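# Observations on the three-dimensional arrangement
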Amino acid sequence: MKKERANDTLRLDFKRTILVGFAFFGIMCFWEVYDYVMPLILNRRFGLNEWQYGLIMGLDNLLAIFLLPFFGGLSDKAVNAKMGRRTTFLFWGTIAASISLIIMALFEFLQFQKIMEAGYNNIEVLIGYNPDLQTIINTLDIADKGYDSLMANGGSEVVQAIKAAQIALAGELAKDHVWILVMFIVALLLLLISMASYRSPAISLMPDVTPKPLRSQANALITFMGGAGGLVAIILYKIFAKNATQNYFWLFFTTAIVLLIILVAYMFTVKEKKFVEMRMAEEEKYQVVDEEELEGNEKLPKAKVISLFLILMTVFLWFMGYNAVKSHLSTYATDTLAFDQGFVGTISILNGAGGAIALLPVSLLASKLGRKKTVIIGIIIAALAFIPCFFMTAKTPHVNILFPLCFLLAGFGMVCVNVNTLPMVTELSKGSTVGKYTGYYYAFSMSAQAVTPAFAGIFMTNISQSSVFIYASVFIALALVTTVFIKHGDNKPEKKKKILEYFSDED
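Description of the structure in this document. (Residues numbered from 1 in each chain as written. Predicted model: local features only at pLDDT ≥ 70, side-chain atom pairs only at ≥ 80, totals over all residues. Heavy atoms only, no water.)

## Quick look at the environment of Tyr36
Note on placement: Tyr36 falls in helix 1 (residues 14-45). Spatially, the C-alpha atoms of Tyr36 and Ile234 are 9.0 Å apart, while their sequence positions differ by 198 residues. (Helix = DSSP H or I, 4+ residues; strand = E, 2+ residues; numbered from the N terminus.)

Encoded structure:
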C-alpha cells in the first residue's frame, strides 16, 4: 500500500519508461554491433580503404534521411492500428530486420571462406601481397615465421604489415567475386530500410507516454536501456569476433535472435494505448497539458521554427563529429594503436560506462540548469576529450589507459547531448506530430552519419589516421555555436528535490 505523499507532484513513472525502453534496447544492440563490425568487414573482408567503406556506410545511411521522417509521420497517422500506432511498426520492422541481418551474414560468410581458402592467415601467401612484410621479418630477425606467432609477438610494425597484406588479398578476391560484395550491400540496404521503418516510431514511444516536463529524465532512462543493449552487443562481439580470422556469421545470427527475444518481451509487457491514456490522465491531473497542443493544426511560430532548425543543426554537427570517431574506431584502434579486437571491445564498454555514469548527473543538471546549458556542458567535455587522442600513438606511454579514458569522458559528454536534444525537439511538437518531429531529429542525425564516415576517411587517407580527432573536435565545437542561439525547446528548471524523486513515482 502506497504512503500518502506529503507533496503530491508530477513524477516520472519509472516502470512505464523502462518498459517502453525495450524498443531502444534492441535498436542500440543492433547499432553497436553494426558500428563496430561493418568497417572491419568492408575493410578486412572486401579490401576497401577508409574512404571507400566510409562512402558505402554513408550511402546506406542516406536512405534513413528520407525514411525516418516518413515512417515517423506514417506512425503518427496510424491511430486505428490494433497493436498501437508505434507498436505496429516496431513489430514488423524488427522481424524484417532480423531476417535481413541473417541474409547479410550469409554473404559475409561466403567472402570469409574465399579469403581463408586463398591464404588469409598464411604468411608465405601474404608476403606476395605485401613484400614489405618479408623485409620487416628479416630486419627483426624473427625465427618463427608462423602467422599466430607473428601476430602475438611480432610487434605493431609486423602486425600492421600483415593486416595490409590481408586487406590487399581481400581486395583482389572481392574483384574476382564482385557479386558477393554486391549482394552483401543489397542485403545491408534491406536491413537499414527495415531498421528505419521502426526507429522513429519506437523512439516516439517515450514522448507518447511521458508528460513534457519529464522528458529529459525519461530520455535518460531510455538512454540507459540503450546502453544496456549496447553492453549486450559488446559481450556478443567479444565472444564471436575475437580476431580477424573469425567470421561474423554467428555474431549476426545471435544479434538477430536477441532482437526477436526483445520484441517478444516488449509485446508481452508494453500496452501502448493504455500507457498513452495514463500519460494524458497525468497531464490533466497536474495541469501540464500544453495549451498550444490543443489548438489543432496551427503552424509553429517563426521564432520556434528557427529554434527547431538550430536544435537540428546542433544534432547534425554533433553527429558529424562524434560519429566520425565512432565509425572508424575499430579500424583505427587495431591498425594505428595496435590494440587487439578484444581490447577495442573493452574501450566500447568504457565509453558506455561513461554514458551510464552520466545518466543521473545529466538528469539532475537538466532539471536544475535546463536542457540547453546541459547540452553545452556535454559539447565542451566531448570536444576536449578527443583532442589528446590526436597526439597518441602505439608508442605513447600508457596509451592503453589514456585512450580509453578519453572515451570515458566523451561518453559522458555524449549523454549530456543525446539525452536533452531529442526532448528539445519533441517539446516543440504537438501530440499529433511527435513521430514526425522525432523523424526530423533522426533525419538530421542520420544525415551526419551518412556523410561523416566518408569525409573523415578522406582526412585519414590523405592527412593522417589521427586527423579524425581534430575533425571531430571541430564539428563538435561548431555544435556549440548553434546551441548558444537556441531560444525555445528548453525546460523550466525545477525546484529542489530529493535525488530519487527525479526517477521514482513513489515516496
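From this point on, the discussion continues.
## What about the packing of aromatic side chains?
All told, the structure shown has 21 aromatic pairs when counted by the stated rule. When the ring of Phe390 is compared with that of Phe391, the centres are 5.0 Å apart and the planes differ by 85°; the resulting orientation is edge-to-face. In this structure Phe390 comes out as partly exposed when scored by relative accessible area, which is 27%. Given the relative accessible area of 59%, Phe391 is considered exposed. Seen in terms of ring centroids, Tyr471 and Phe475 are 4.9 Å apart; in terms of plane orientation they differ by 55°. Their pairing is tilted. Residue Tyr471 and its partner Phe475 are both found in helix 17 (residues 467-484); the two are separated by four residues, about one turn of the helix. (Phe/Tyr/Trp six-rings, centres within 6.5 Å; stacked < 30°, edge-to-face > 60°. Buried < 20%, exposed > 50% of the residue type's maximum accessible area, 1.4 Å probe, protein only.)

## Here we look at the packing of helix 3 (residues 87-117) against helix 7 (residues 155-176)
Two numbers describe how helix 3 lies on helix 7: the axes approach to 10 Å, and their chain directions differ by 120°. Comparing the axis directions of helix 3 and helix 7 gives the class oblique. Handedness of the helix 3/helix 7 crossing: right-handed. Contacts between helix 3 and helix 7 pair Gln111, Lys114 and Ile115 from the former with Leu169, Ala170, Leu173 and Ala174 from the latter. Looking at the contact of helix 3 with helix 7 residue by residue, the class counts come to five nonpolar, one polar and one charged. (Axes fitted to C-alpha atoms, helices over the stretch in contact; angles between N-to-C directions. Parallel < 35°, antiparallel > 145°, perpendicular 65-115°, else oblique. Left-handed = near helix turned anticlockwise from the far one by under 90°. Contact = heavy atoms within 4.5 Å. Nonpolar A, V, L, I, M, F, W, Y, C, P; charged D, E, K, R; others polar.)

## Concerning the state of the cysteines
A disulfide bridge is the covalent bond that connects two cysteines by way of their sulfur atoms. Tallied over the entire structure, the rule returns zero disulfides. With no disulfide of its own, Cys406 lies closest to Cys389 among cysteine sulfurs, the gap being 3.8 Å. (Disulfide = S-S within 2.5 Å.)

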